[in-house]
Amino acid sequence: MKDKTILITGASSGIGWATAEAFSKQGARLILCGRRKEKLESLAHQLKTETLILTFDVRDRKAVFETLDKLPKDWVNIDVLINNAGNAHGLDPVQTANIEDWEAMIDGNVKGLMYVTKALLPGMIKSRKGHIINLGSIAGKEVYPNGSVYCSSKFAVDAFTQGLRIDLNKEGIKVGAIHPGLVQTEFSEVRFKGDRARAAKVYEGIQALSAQDVADAILYMAQTPDQVNVADLVLLPTRQANAYISNRES
Ligand code: NAP
């Protein structure tokens, strides 16, 4: 990874933050993206390798293209794009769910990931190299109660990843996805709109994956030899059997 350029969306927290740390330890240069500039600055401050901070909302198509079309000359050759930005908003049945929550998930997790990918593809295709790693979820493999739209967004990430791999097959660009189960990050706090007590319950009685566990797996995907592509990796806590069955200590 030494001197490779890695762009990570959603680097201001959780999996994205831990992934930046893991790649930086291997000597990579990092483009750190997110909306919270102060968080990205504090991350950049503690990393030992070169960084570039980009603040934009992935849902804002204009901002995504304007920002990524104007990358400084030294940063245009992206070796690995890690499409990590995303969140769940709410946990409700379709009949009572909030439509703004749906839009945040579809616009961010699906359309945002597509915009970032589309904006960076011309550079990757031109240089005939690159690797795109998308953050799916176990929620993109199985649907769980009250998660219909978050699960829809992650099923879409899975489908987009598969389609992208087909479309880029002749271009020499690797495409894969990682699908974690329960990971302890700010994810549940965002899902429950800042309700920390409710968020904490999600992780009760089970040792969830840490953001670093997921980052280590992403690093593994990025470090495979040229002839190897990890196309699809499901990573679960040992106590989690699938999207809705976990063996919790009582
Ligand atoms: P997190 O700690 O809440 O981090 C989410 C990151 O995404 C933040 O850096 C946030 O940055 C960024 N983000 C969210 N919406 C954005 C937007 N509209 N524009 C730009 N950036 C945005 O959650 P996490 O667990 O690390 O989640 C990372 C990814 O893993 C997500 O795609 C999530 O769906 C997936 N995942 C999580 C779990 C889990 O259990 N935690 C399981 C499977 C998959 P700003 O707020 O600064 O913009």
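None of the values given here were measured: they were computed from a predicted structure.

1. Thoughts on the packing of helix 4 (residues 99–127) against helix 5 (residues 148–167)
Here is step 1: It is the contact of helix 4 with helix 5, at a shortest axis distance of 8 Å, that shows an interaxial angle of 20°. When the axis of helix 4 is compared with that of helix 5, the two are roughly parallel. Here helix 4 runs over helix 5; the crossing is right-handed. Here Trp102, Met105, Ile106, Asn109, Val110, Leu113, Met114, Thr117 and Leu121 of helix 4 come into contact with helix 5, specifically with Val149, Tyr150, Ser153, Lys154, Ala156, Val157, Phe160 and Leu164.

2. Structural notes on the packing of helix 1 (residues 14–25) against helix 8 (residues 211–223)
Here is step 1: Packing of helix 1 against helix 8 leaves a shortest axis separation of 8 Å and a crossing angle of 55°. Taken together, the axes of helix 1 and helix 8 lie oblique to each other. Taken as a pair, helix 1 and helix 8 cross one another with a handedness that is right-handed. Facing Gly14, Ile15, Ala18, Thr19, Ala22 and Phe23 of helix 1, the residues of helix 8 in contact are Ala211, Gln212, Val214, Ala215, Ile218, Leu219 and Ala222.
Here is step 2: Its residues placed into classes, the contact of helix 1 with helix 8 shows ten nonpolar, three polar and no charged.

3. Quick look at the site of the ligand
Here is step 1: If you check the shell around the ligand, you find 30 residues, and the closest are Ser12, Ser13, Arg35, Tyr150 and Thr185.
Here is step 2: In the environment of the ligand, a nitrogen atom lies 3.0 Å from a nitrogen or oxygen atom belonging to the backbone of Val58.
Here is step 3: One nitrogen or oxygen atom from the main chain of Glu186 is found 3.3 Å from an oxygen atom belonging to the ligand.
Here is step 4: Protein contact buries 96% of the 880 Å² of open area that the ligand shows by itself.
Here is step 5: Listed by contribution, the elements that provide at least two residues to the shell around the ligand are helix 1, helix 5 and helix 6 (187–191).
Here is step 6: By residue class, the composition of the shell around the ligand is twelve nonpolar, twelve polar and six charged.

Criteria and thresholds
Residues numbered from 1 in each chain as written. Predicted model: local features only at pLDDT ≥ 70, side-chain atom pairs only at ≥ 80, totals over all residues. Heavy atoms only, no water. Axes fitted to C-alpha atoms, helices over the stretch in contact; angles between N-to-C directions. Helix = DSSP H or I, 4+ residues; strand = E, 2+ residues; numbered from the N terminus. Parallel < 35°, antiparallel > 145°, perpendicular 65-115°, else oblique. Left-handed = near helix turned anticlockwise from the far one by under 90°. Contact = heavy atoms within 4.5 Å. Nonpolar A, V, L, I, M, F, W, Y, C, P; charged D, E, K, R; others polar. Near = heavy atom within 4 Å. Polar contact = N/O pair within 3.5 Å; in protein donor to acceptor, adjacent residues only side chain to side chain. Areas by Shrake-Rupley, 256 points an atom, 1.4 Å probe, with all protein chains shown as cover.

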